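# What the coordinates show
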Amino acid sequence: MKIQILLFSITAWLYASCTTIDTTQPETGLLTKNAMVVSAHSLASEAGKQALLAGGNAFDAAVATHFTLAVVYPQAGNLGGGGFAVYRLNDGEIGTLDFREKAPLAATKNMYQDSTGQVVPNKSLVGHLAVGVPGSVDGLLKIHEKYGLLPLATILQPAIDLAKNGHAINKTLAKELNRFKTTFLQVNQRQTPYSKEENWNQGDTLINQDLAKTLTAIRDYGRSGFYKGWVAASIISESKKGHGLLTQADLNRYESKWRKPLVGTYKNHKIITMPPPSAGGITLLQMLQGSEFYDLEKSGYNTSETIHKMIEIERRAYADRSTYLGDPAFVEMPLDRLLSTAYNQSKFSNIDPSLATPSSQIKEGQVEVIESMETTHFSILDQAGNAIAITTTLNSYFGSKVVVQGAGFFLNNEMDDFSAKPGVPNQFGLISTAANAIEPEKRMLSSMTPTIVEKEGKIKMVLGTPGGSTIITSVYQTILNTIDHQMTMQQAVNAPKFHSQWLPDKVYFEQGKFDQPLLDSIASLGHQIEFRKALGKLECIMVHKDGSIEGAPDITRNESVAAGF
Ligand code: DON
């Protein structure tokens, strides 16, 4: 029996360096000389590009792209959600803006539990009680106010026109609107601009006059157009209708926050990324530090040796995510220690090359990952060399599914990113502790990881992706693919992804993208393998040595588009 296992392992190992690379996909993305916008929708990328052509900078383009996504990509683009921006100016100045949602003032620690202390399924996910105080409008307007060059009216107009005159919906949106048709009706108890009697088809025109009015209020009155006046009143009355918690005081007190970026290194590259309340940056930097203890370039792209080590690195990093991280306004976090070389050496240098470490030996627990997710990322580099990476979300597809009556936009269900009860997983199978417990006005922990990579003082990449808990590992693998395995940006985006998050003690591989012998070899080391249809939707930019700019949209997993000149 032992000999059989040995023979099986050796055979698997021999085959292990073959992996399926889809040669039907382009090897490089869009190449331009001056500027690039990469987003999940052609109209949003185009709106960003037009802002740049009109003399705007990356920040103007970000505002145009974001608000257009709110119209044409309503499954994740948003006014009623939140997100994070990481940017780098052409003079080297770096920064981040946190426009993450907050728990309403009336939120309580056990609000998603019943009288016996059980977490009520879906209570933090669907309907009015799942909603956190929206941050996106405040965030994008702050970015514009500080760094934009063009008038707000110019950059918001494309979004207003698309909402008012309608746009031909793509296949993805038609499919998602049909999938959630019944839920929209159940949650809203009325038809919304996102529903009609018959099913949606690709090419149907989606007109949303209510959303056009809301965008016009933002254009004309700025922040007050959303957080005060009739839009605010509509949000509050909508919330009340479904026993939600939002009040005018919540809207008045919402404020996005400039934060110092987290900065780390990987093989002579500087990694600029998002600090808490995102867990993304810290976990990414830990995984990159862990990778420096191994020569992953030498062990080769997608060999079982490399994948095994990366899985082990991922599971070790995610254990810290669950234990220590939360909103910095509420919890003390040992960030310096988590990023110190000594700590990470002890954490990552003990990987057994021939055996998986059970997650229970890292920390115990058992949870399942549920698949239901949607967020969106866009990357922009302007003609002057300023870059911005924004990941923004309603959390699940169409957030809480609540549409603000008369105002035409979805509200998030970001409250599910809190820990509803210690040890009970959220929709991404993530568990967290008191550090991420619900408290009034606290920001829920996130995985979003907008990131900029510099080499020798110059921008090399702008990166990010949706994917809930899988965001961080997708960004990590994309960085390694370019630095260790010399891929173009498009190859790194297209490359098959895998994901391990400590708990559950499993590794998720993209279905049909890895050869069976490679998977057998990885399983033979003790990893429990499961499959996911897709991991991530990366929207990235790379600046090549000759100065050309490569825009790499995730064309294999979404209808994403790069637009540049
Ligand atoms: O902030 C977070 O980590 C999650 N709310 C992000 C959700 C997400 O990426 C869903 N997308 N695919």
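Everything in this summary refers to the structure shown in the same document. Every residue gets a number counted from 1 within its own chain, in the order that chain's sequence is written. Two thresholds apply to this predicted model, a pLDDT of at least 70 for residue-level local features and 80 or more for giving and counting side-chain atom pairs, whereas whole-chain, interface and lining totals are computed over all residues. Processing note: side-chain calculations cover all non-hydrogen atoms of the structure and skip hydrogens and water entirely.

## Description of the overall build of the chain
Labels follow the DSSP assignment, with helices taken as runs of H or I lasting at least four residues and strands as runs of E lasting at least two, numbered in each case from the N terminus. Within the chain, the regular secondary structure consists of 20 helices and 19 strands. The principal-axis extents of the C-alpha atoms in the chain amount to approximately 70 × 60 × 50 Å. Exposure classes here rest on a 1.4 Å probe applied to the protein chains alone. A residue is buried below 20% of its type maximum, exposed above 50%, and partly exposed in between. Across the 565 residues in the chain, those meeting the buried criterion constitute 63%. Note on contacts: a residue pair is in contact if any heavy atoms of the two residues lie within 4.5 Å. Sequence separation of at least 24 residues holds for 74% of the intrachain contacts in the chain that already meet a minimum separation of 6. Put simply, the chain shows about 20100 Å² of open surface, and 54% of that area lies on carbon and sulfur atoms. Charge assignment: positive for Lys and Arg, negative for Asp and Glu; neither His nor the chain ends contribute. Lys charges are placed at NZ, Arg charges at CZ, Asp charges at CG and Glu charges at CD. Averaged over its 52 positive side-chain charges, the chain has a centre that lies 3 Å from the centre of its 55 negative ones. Methods summary: accessible areas were calculated by the Shrake-Rupley approach with a probe of 1.4 Å, and residue burial reflects only the protein chains presented.

## Brief notes about the site of the ligand
We call a residue near a molecule or strand when any one of its heavy atoms sits within 4 Å of it. Taken together, the neighbourhood of the ligand is formed by 16 residues, with T375, E414, D417, S446 and G468 sitting nearest. A distance of 2.7 Å separates an oxygen atom of the ligand from a polar backbone atom of G468. Out of a free accessible area of 340 Å², the ligand has 97% covered by protein chains. Whenever two N or O atoms come within 3.5 Å, that pair is a polar contact, provided that in protein one can donate a hydrogen and the other can accept it, and provided that, for residues adjacent in sequence, both atoms are side-chain atoms.

## Looking at the packing of aromatic side chains
Ring geometry is summarised as follows: Phe, Tyr and Trp rings, the Trp one being its six-membered ring, pair when their centres sit within 6.5 Å, and such pairs are stacked at plane angles under 30 degrees, edge-to-face over 60 and tilted between the two. Tallying each qualifying case throughout the model produces 18 aromatic pairs. For the pair F59 and Y87, a centre-to-centre distance of 5.6 Å together with 80° between the ring planes defines the contact as edge-to-face. Of the two residues, F59 is situated in helix α3 (residues 58-72) and Y87 in strand β3 (residues 82-88); the sequence distance between them amounts to 28 residues. With a relative accessible area of 1%, F59 lands in the buried category. Judged by relative accessible area, which is 5%, Y87 ranks as buried. Through successive ring pairs, a cluster of aromatic residues spans F180, F184, Y194, Y397, F398 and F410. Remark: a charge is flagged as sitting over a ring if the NZ atom of Lys or the CZ atom of Arg is within 6 Å of the ring centre and within 35 degrees of the ring normal. Cation over ring: K146 sits above W258, and NZ or CZ is 4.3 Å from the ring centre.

## Things to note about the nonpolar core
One finds F67, L79, L215, F226, I388, I390 and F409 to be the most contacted residues of the largest nonpolar core, which totals 79 residues. For this core, the element with the most residues is α3, which contributes 11 residues. Ignoring sequence-local partners within four residues, the contact set of I388 consists of A58, F59, A62, A85, V86, Y87, I143, F378, S379, I380 and V462. Only buried residues count toward a nonpolar core, which is a set of Ala, Val, Leu, Ile, Met, Phe, Trp, Tyr and Cys residues joined through side-chain atoms within 4.5 Å. Core analysis: the second largest hydrophobic core is formed by 77 residues, L296, I313, M333 and Y343 among them.

## Section: the packing of helix α12 (residues 280-291) against helix α14 (residues 304-324)
Orientation of α12 relative to α14, taken along the N-to-C sense of each, is 145°, at an axis distance of 9 Å. Note that α12 runs across α14; the crossing there is right-handed. Across the interface between the two elements, T283, Q286, M287, G290 and S291 of α12 pack against I313, E314, A317, Y318, D320 and R321 of α14. Here, axes are lines fitted to C-alpha atoms. For helices the fit covers the stretch in contact, and angles between N-to-C directions go from 0 to 180 degrees. When the near helix sits turned anticlockwise from the far one by under a right angle, the crossing is termed left-handed; a clockwise turn instead gives a right-handed crossing.

## Quick notes on the sheet that holds strand β10 (residues 375-381)
Only strands joined by at least two bridges in the DSSP assignment are considered to pair. Read from one edge of the open sheet, seven strands run β7-β4-β3-β11-β10-β2-β19, paired in antiparallel fashion. In this open sheet, the two strands that pair with only one neighbour each are β7 (257-259) and β19 (561-564). Going from strand to strand, the sheet's axes swing by 15° on average, the running direction of each strand aside. Of the strand pairs in this sheet, β3 and strand β11 (residues 387-393) are connected by seven bridges, and their pairing is antiparallel. For F84, the partnering residue across the bridge sits in β11 and is T391.

## A closer look at the pattern of salt bridges
The working definition used for a salt bridge is a side-chain nitrogen of Lys or Arg within 4 Å of a carboxyl oxygen of Asp or Glu. Counting across every chain of the model gives 32 salt bridges. Its salt-bridge partner being K196, residue D204 comes within 3.1 Å of it at the nearest N-O pair. Owing to a relative accessible area of 23%, K196 belongs among the partly exposed residues under this scheme. Residues K347 and D320 are paired through a salt bridge, measuring 3.1 Å at the closest nitrogen-oxygen approach. Of this pair, K347 sits in helix α16 (residues 341-348) while D320 sits in helix α14; the two residues are 27 residues apart in sequence, bridging distant segments of the chain. Taken together, the salt bridges that share partners define one network made up of D138, K142, R223 and E255.

## Overview of the pairing of β3
Counting buried residues in β3 gives seven out of seven residues, a clear majority hidden from the surface. Residues of β3 alternate between two faces, with G82, F84, V86 and R88 on one and G83, A85 and Y87 on the opposite face, all of them buried. The sheet contact formed by β3 and strand β4 (residues 94-99) spans six bridges and is antiparallel. Looking at the pairing, R88 lines up with I94 of β4. Connecting β3 to the next strand, β4, in antiparallel fashion are five residues, including G92 with a positive phi near 100°.

## Things to note about the sheet that holds strand β14 (residues 498-499)
If you walk across this open sheet you meet the three strands as β14-β15-β16, and the pairing is mixed. Since the sheet does not close on itself, it has two edges, and those belong to β14 and β16 (529-532), each with one partner. Here two bridges tie β14 to strand β15 (residues 507-510), and the two strands are oriented antiparallel to one another. Its bridge partner lying in β15, F498 is registered against F509. Contacts from helix α20 (residues 516-523) reach β15 and β16 within the one sheet, and its direction differs from that of β16 by about 135°.

## With respect to the side chain of K506
Assignment of secondary structure puts K506 in the loop between β14 and β15. Using a relative accessible area of 10% as the deciding quantity, one classes K506 as buried. A distance of 3.0 Å separates polar atoms of two side chains, one belonging to K506 and the other to E530.

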